[in-house]
Amino acid sequence: MFSKSLFKQSCKANGTMWIIITIAVCFMLSCVMLISGRGDISETKDAIQNTIIEGELTSALQKKALSYYEIGNSAMKHFDETFLKEYQTVYAGALTGGMPEEQAAGTASMAAYVAATKELQEVYVPGLISELGYEVDSQEAKEVEGVVFYVLNPMQEDGTYMFDDFYREHGEPVAHYTDLLATINDSIHTEERQKYVMNNCAPFMAGNMVAEENIQSVLETLSDYGVTREQYDEFGFSEYRNVKDIAMAAIVDYRANLEYRLDNMKDGETVESVKEDLQKEVTNSLLASLPEEVSDALDEVGQMDMYGILVGSIFFKMAGLLLPIIYMIMTSNALIAGQVDSGSMAYILSTSTKRRTVTFTQAAYLIGSLFVMFLCTAITSIVCLSIVEVETGLTWQKLLLLNLGAFLVMFAMSGICFLTSCWFDRSKHAMGLGGGLSMFFLVATMLGLFGSPILPSIIRMDALNYFNYVSIITLFDPISILDGTGVFIWKFCILAAIGCVCYVIGSIRFRKKDLPL
Amino acid sequence: MEPVIEIKKLTKNYGEGRGIFDIDLAINKGEMVGFAGTNGSGKTTTIRHIMGFVQPTSGAAYVNGLESWKHSSEYIRNIGYVPGEIAFPDLATGTAFLKSQADFLGLKDMSYADELIQRLQLDPRASLKRMSKGMKQKTAVVAALMADPEIIILDEPTTGLDPLMRDSFLEIIKEEHQKGKTIFMSSHMFEELEATCDRVALISNGRIEHIVDMEDIRNPKVRDFKVEFVNEQDYAHFKSLDFEIVRDQPKYRQVTVALSGDQLNELFQSLRETDVHFISEVKYNLDKYFREKLGRNKEADTHVQ
């Protein structure tokens, strides 16, 4: 069954490559474990958390800017309507009163402006507030009121405008809605109104957001997620310019797209639904709503055992498998198909070494060399773990299981390669199919990682998760090992079974086939 | 006598007319049989069957009475095999390879191997990768012969050897033959088979065309002699005599006659009074023999068509 001479020969032929690969893998492993064990890992974690928070806050700001814009725009539209109605009534009345046209127009516009302003103040805004379901005098109600009147910037009886000071204070150009009323009947009025609203509501929002009491109240809500004032400042949310730029950009984006969408509305879409969809797109929220999902995402990141994932899922399941796979592809080919292809197998078979003995010995060498390789990495990893001081759930028992898992993956894949090596007479066919398949599994695992649940949900690409279903390496489950659940055991069994079946089929095929020697 | 290698109705059909068909051949103990044929005629396939590497479509090859496909591992130790395509295992040097082969064979005594190395002027310490074709061939021969096997199978063993080396190699093979080894050697060069073999089988397009006893070639019953005459009268006179003329070249005044052993005296008698420029025997060889046979077969084929 076992030929010592053949085993010796295989060791001599493939030993050098084995030593090089083993040293390289152990070196890589110790680099990964020692370097990442020096605290950089927790910084990464913080960085991820910050990215999430910053992204969410920005998206919340954008959302707010858009709703400000919509409120302002609707209000001004309503203002226009009231204004026109009032103007015509007064104008017609004045003319019948015998007033000259010019004077009548002046009087009418004055009266209409006052009436429209009054209408907004007394009917429209309270109506809107109750429609939105806010309490009178609540924070939200004040905000709605603020948007409308800061945008309008109403003229006072003495001819000055109410909020000029506010705009001047922030270095914004002062604009008055009264200037637009002269062209109220022109076709460009709608667009001008929108621009006016945009230019006025963005500064209002920015000014509002950077007001100290508002910052304090935002920080209060965010304190649950560990956001400090320093971080908040660092993100730039307490800076007027920055906030205004975010708001302006969002509104510009929204307006540009809205026009296009409304022109190209599909069946079943209403103006409302288009606006709603677009708002979602523009604000580009990573999570649907800030409080709950962000806290979940942050919790997720907080609980992540970064070190364990790095060693288990990234090293043993991916990076660390590459070199052993290369060794395995080359060796499995050299052990059978290569020797049949070149013809050197004739020397082995002409020494009364049975084919059964050949496959058994070569399989034993291949499995054995892989086993010893992962024995080396197991020892290396345990030594490294004892050196580093890092907050992790890894123990030496779990490291042993990780190494066992990596070995079983290699066992299953080497079975496939051994099978193709026994099946084909040509090296290129054996390597092409067996090696190609192994490499495919590895690449699929790499792609699948970006969609796998070990990544925090916000940076995960779910579509890539499908790659996990086509890779045999997925049956190696480091997460289950790290969490201490027993799921990994039956997956290990499948891997072992795949390997065994392939080795057996390969041996049978080699015993039965014609050899071109 | 029980044949050592016996091939019975062996057929391996690779389709499209390729393969070997109905091969029948028996090689007795101590016999050296040559296997002649052009490239691709089926020599190597037949040898692979004897080695048990290939499963026959029908028929079988037997070695020492054992069927080759099922039982080759039981007798293969007694076969020294030099494959047609020389490729060695992935080892560093020739010495390492020979040691490894000795290990496989359980061979402790390397003295015969050393002797072979000496005689073939081989430096086995050279790296296997850097060896020339000839050196590889020599290494393969040493590996095949060093365990002193009962049967030796050689698949085109002399390709890549220079003429001098080929002679010393054939010398070694002859010696092995004299020691009583059974030898089966394929080649596409008739001369070397002629010089060494007891019998030669000719294979063509997967079928054995002829098996010829080399005694018949070396000592033919009828020999050809070519005579050139100095003058025309003698030439004309000679042609009128009762000899079987195989070839007549009036331009050179040459006549080739076929003589059985006892006619030789008659020839010399008739030439006593004539001026003979030269007289020489036209060597009969395997090449000629097979050409004749194949030519006749081809003729027969064309008649059928």
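Quick look at the structure, then. Fair warning: this is a prediction, and the values are worked out from it, not measured in the lab.

1. Observations concerning the environment of A:Ile19
Its location among the elements puts A:Ile19 in helix H1 (residues 4-35). Through-space distance from the C-alpha of A:Ile19 to that of A:Phe374 is 12 Å; in sequence the pair is 355 residues apart.

2. Observations regarding the packing of helix H7 (residues 189-210) of chain A against helix H10 (residues 240-263) of chain A
All names here are of chain A. Across the interface, H7 lies against H10 with an axial gap of 8 Å and an inter-helix angle of 150°. By the angle between their axes, H7 is roughly antiparallel relative to H10. Seen from above, H7 lies across H10 with right-handed handedness. In terms of residue class, the contact of H7 with H10 is made up of 14 nonpolar, three polar and four charged.

3. A few points about the packing of aromatic side chains
Tallied over the entire structure, the rule returns 33 aromatic pairs over all chains. For the pair A:Phe2 and A:Phe7, a centre-to-centre distance of 5.4 Å together with 50° between the ring planes defines the contact as tilted. With relative accessibility at 41%, the residue A:Phe2 sits in the partly exposed group. A relative accessible area of 27% means that A:Phe7 is categorised as partly exposed. Centre to centre, the rings of B:Phe229 and B:Phe238 are 5.1 Å apart; their planes meet at 45°, and the pair counts as tilted. We note that B:Phe229, like B:Phe238, is buried. Joined through ring pairs, the aromatic side chains of A:Phe79, A:Phe83, A:Tyr87, A:Tyr91, A:Tyr113, A:Tyr177 and A:Tyr196 make up one cluster. When the ring centre of A:Trp423 is taken as origin, the NZ or CZ atom of A:Arg509, which lies over that ring, is 4.5 Å away. Across from the ring centre of B:Tyr62, 5.2 Å away, lies the NZ or CZ of B:Lys8, which sits over that ring.

4. Observations concerning unusual backbone geometry
Notably, A:Ser352 is not glycine yet its phi reads approximately 55°, a positive angle. Tracing the backbone through its elements, the reader meets A:Ser352 in the loop between helix H14 (345-349) and helix H15 (355-387).

5. Thoughts on the sheet that holds strand S5 (residues 66-67) of chain B
Residue and element names in this part refer to chain B. Here we have four strands laid out as an open sheet, ordered S2-S1-S4-S5, and antiparallel in their pairing. Two strands close off the open sheet at either side, each with one partner strand: strand S2 (18-27) and S5. As judged from the five bridges shared by strand S1 (residues 5-15) and strand S4 (residues 58-63), these two strands associate in the antiparallel manner. Bridge pairing in S4 places Lys-8 opposite Ala-60. Docked against the sheet, helix H1 (residues 43-51) engages S1, S2 and S4, running at close to 120° with respect to S1.

6. Some points on the pattern of salt bridges
What the rule picks out here adds up to 25 salt bridges over all chains. A salt bridge links A:Arg241 to A:Glu172, with the nearest nitrogen and oxygen atoms 3.5 Å apart. Of this pair, A:Arg241 sits in helix H10 while A:Glu172 sits in the loop between helix H5 (164-169) and helix H6 (178-181), and the two are 69 residues apart along the sequence. For A:Arg241, a relative accessible area of 40% puts it in the partly exposed group. A salt bridge links B:Glu6 to B:Lys8; the nearest nitrogen and oxygen atoms lie 3.9 Å apart. Owing to a relative accessible area of 22%, B:Glu6 belongs among the partly exposed residues under this scheme. Owing to a relative accessible area of 40%, B:Lys8 belongs among the partly exposed residues under this scheme. Via salt bridges that share partners, B:Asp148, B:Glu176, B:Lys179 and B:Lys181 belong to a single interconnected network.

Reading guide: rules and limits
- Position numbers for residues start from 1 in each chain and track the written sequence from start to end.
- Lettering of chains starts at A and numbering of ligands starts at 1, both following the order in which they are written.
- In keeping with the model being predicted, local features are shown solely for residues with a pLDDT of at least 70 and side-chain atom pairs are shown and tallied solely at 80 or more, while totals for entire chains, interfaces and linings include all residues.
- To obtain the side-chain values, all non-hydrogen atoms of the structure were used and water was disregarded.
- Helical segments are the DSSP runs of H or I of at least four residues, strand segments are the runs of E of at least two, and each set is numbered from the N terminus.
- Angles run from 0 to 180 degrees between N-to-C directions of axes, and those axes are lines fitted to C-alpha atoms, restricted for helices to the stretch in contact.
- Any angle from 65 to 115 degrees is called roughly perpendicular, while one under 35 is roughly parallel, one over 145 is roughly antiparallel, and all others are oblique.
- Two helices crossing with the near one rotated counterclockwise from the far one by less than a right angle form a left-handed crossing, whereas a clockwise rotation gives a right-handed crossing.
- Gly counts as polar in this scheme, as do all residues outside two lists: the nonpolar Ala, Val, Leu, Ile, Met, Phe, Trp, Tyr, Cys and Pro, and the charged Asp, Glu, Lys and Arg.
- Working definition: rings of Phe, Tyr and Trp (its six-membered ring) pair if their centres are within 6.5 Å, and the pair is stacked with planes under 30 degrees apart, edge-to-face with planes over 60 apart, and tilted otherwise.
- A simple rule labels every residue: compare its accessible area, found with a 1.4 Å probe on the protein chains alone, to the largest value its type can have, and call it buried under 20%, exposed over 50%, or partly exposed in between.
- The rule is short: NZ of Lys or CZ of Arg within 6 Å of the ring centre and within 35 degrees of the ring normal puts a charge over the ring.
- By this definition, two strands are paired if DSSP reports at least two bridges between them.
- Note on contacts: a residue pair is in contact if any heavy atoms of the two residues lie within 4.5 Å.
- Salt bridges are defined by distance alone: a side-chain nitrogen of Lys or Arg within 4 Å of a carboxyl oxygen of Asp or Glu.

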